[in-house]
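Now for the letters of each chain:
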Amino acid sequence: MHHFDYRNGELCCEEVPLSAIAEAVGTPAYVYSSATLERHFDVFKNAFAPRDVLVAFAVKANANIAIIETLARRGAGADTVSRGEIMRALKGGVPHDRIIFSGVGKTEDELSFAIEKHVHQINVESIAELDALSRLAAARNARPAVAIRVNPDVGAGGHEKISTGRGDAKFGVSIAQAEALYARAAADPHLSPKGLAVHIGSQIKDLAPLEAAFRLLRISVERLRAAGMEVTRVDLGGGLGVPYFHEPAPPSPDAYAAMITRVFSGLDVALAIEPGRAIAANAGVLLSRVIRTQERPGRPILVLDAGMNDLIRPAIYDAYHDIKPARAPADAEDVLTYDVVGPICETGDTFARNRALPKLNDGDLVAFMSAGAYGATMASTYNARALSPEVLVRGGRFSVIRRRWTVEEQIALEMLPEPTP
Ligand code: LLP
């Protein structure tokens, strides 16, 4: 469910017509609905009630501090994978004890930062990382809370490049190794092992692989306890998919929560989940203007002012994003089949082929739907383009939450080398 609908013939975000935002900030621009973000967060949180679950928003999906703040006000935690994401989570008002630090390549600087900020939990992915963390904690006389990330050898996810749970993926350690690492951490005076963590992939449309991974986790928790160790937490990662187009809808957060509640029933353990996409994707659009339409033998090409630098998902995952005109098409309007492309000098800068759309003219506005997750966070300035602004809508008002980063500003960071004598 989201809050992007036609009202009086205009596509609106909540009560604000997208055309008004384009007028104010130009295009391309990301536009987010706070009501949608809040609703999605509440749906996850309430789906587990009365069980209290830490819903740690995966900041990589959308790292703007205003988005984080919107969720933090509802009680969200944050799943972070870099020093920068921890900084953003704190700046967005997430309490330190709701921040999870994950990631396969944490540097010593980042681990030290996480220790100093007293994050809720550091998810460790290897023996080398565990030992580094212990050393850094000892030097600070600290005892960080640790979870061991398990690789359950269960494949899942909407695309090969976003599947993380297979045995040959670079993430986590096998169940047997995880238990050995846990025991090592339990014997270490500078580590406070709390539990196990798992994340098997993203855009998952079937609960079965998630359930299989969670069952393995439960068995492992029971085994660790039987061996006399205290295990108080499990972190189940993110991964629940969203409907990008008219296909069978992914399982609802309610179904997901019911499955988790079933798998962990009777096990006294604190649960955390790390949804990113399911909270943010349908809460945002990328607004773009038609530069021109070009006739080609075969079919017309719609050239937009947004490019793969703004929204890279179609180029790298063959992702589908629905495209809606900002002005509601009349019933009897012509429908044309377009190839929809951006201005970047690569064939990969193609958002859609053979896409049926109402006839569009130069200057018309369109919105890429479901672009609130992994849109702005994956954007770049490729082809010396500005970085698009971000706008947050609350009811009838909107605020610029990141202004456009102009090419002039980018160039100002660069300099010529000293001339050689
Ligand atoms: N937790 C961990 C440890 C993760 O690695 C991820 C995502 C999440 C949580 C959040 O997963 P979600 O609930 O959003 O599925 N750029 C790709 C998605 C990459 C996801 C990477 N990890 C895309 O645009 O589809």
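Residues numbered from 1 in each chain as written. Predicted model: local features only at pLDDT ≥ 70, side-chain atom pairs only at ≥ 80, totals over all residues. Heavy atoms only, no water.

Student: Run through the overall build of the protein, naming residues and quoting values.
Tutor: Counting its secondary structure elements, the protein contains 12 helices and 20 strands. Here the C-alpha radius of gyration of the protein, 23 Å, is about what a compact globule of 421 residues would show, namely 22 Å. Overall, the protein is about 70 × 70 × 40 Å in size when its C-alpha atoms are taken along their principal axes. For the protein, the proportion of its 421 residues judged to be buried stands at 54%. Roughly 18100 Å² of accessible area belongs to the protein as shown, and the carbon and sulfur atoms make up 52% of that amount. When the 46 basic and 51 acidic side-chain charges of the protein are each reduced to a single mean position, those positions are 3 Å apart. (Helix = DSSP H or I, 4+ residues; strand = E, 2+ residues; numbered from the N terminus. Rg over C-alpha atoms; globule rule 2.2 N^0.38 Å. Buried < 20%, exposed > 50% of the residue type's maximum accessible area, 1.4 Å probe, protein only. Areas by Shrake-Rupley, 256 points an atom, 1.4 Å probe, with all protein chains shown as cover. Lys, Arg positive; Asp, Glu negative; His and termini not counted. Charge placed at Lys NZ, Arg CZ, Asp CG, Glu CD.)

Student: Lay out the sheet that holds strand 3 (residues 16-17) in plain terms, naming residues and giving numbers.
Tutor: Hydrogen bonds along the backbone pair up the strands of a sheet, which may run parallel or antiparallel. The three strands are arranged 1-2-3 in an open sheet whose pairing can be described as antiparallel. Two strands bound the open sheet, and with one partner strand each, they are strand 1 (4-7) and strand 3. Pairing between strand 1 and strand 2 (residues 10-13): four bridges, direction antiparallel. Considered in strand 2, the bridge of Phe4 is made with Cys13. (Pairing = 2+ DSSP bridges.)

Student: For the domain arrangement of the protein, give the residues involved together with the corresponding values.
Tutor: Taken domain by domain, the protein consists of domain 1 (4-31 + 281-412) and domain 2 (95-275). Distance between the C-alpha centres of domain 1 and domain 2: 36 Å. In this complex, domain 1 contributes 10 residues to the contact, which on the side of domain 2 involves eight residues. A buried area of about 800 Å², summed over both sides, lies between domain 1 and domain 2, and 57% of it is on carbon and sulfur atoms. If you look at where domain 1 meets domain 2, you find zero residue pairs in polar contact (both at pLDDT 80 or more). (Domains from an automatic or database assignment. Contact = heavy atoms within 4.5 Å. Buried area = accessible area lost by both parts, 1.4 Å probe. Polar contact = N/O pair within 3.5 Å; in protein donor to acceptor, adjacent residues only side chain to side chain.)

Student: Can you break down the sheet that holds strand 7 (residues 99-101) residue by residue, with the values?
Tutor: Read around the closed barrel, eight strands run 5-6-7-8-9-10-11-12, paired in parallel fashion. In this sheet, adjacent strand axes meet at a mean angle of 30 degrees when their direction is disregarded. (Axes fitted to C-alpha atoms, helices over the stretch in contact; angles between N-to-C directions.)

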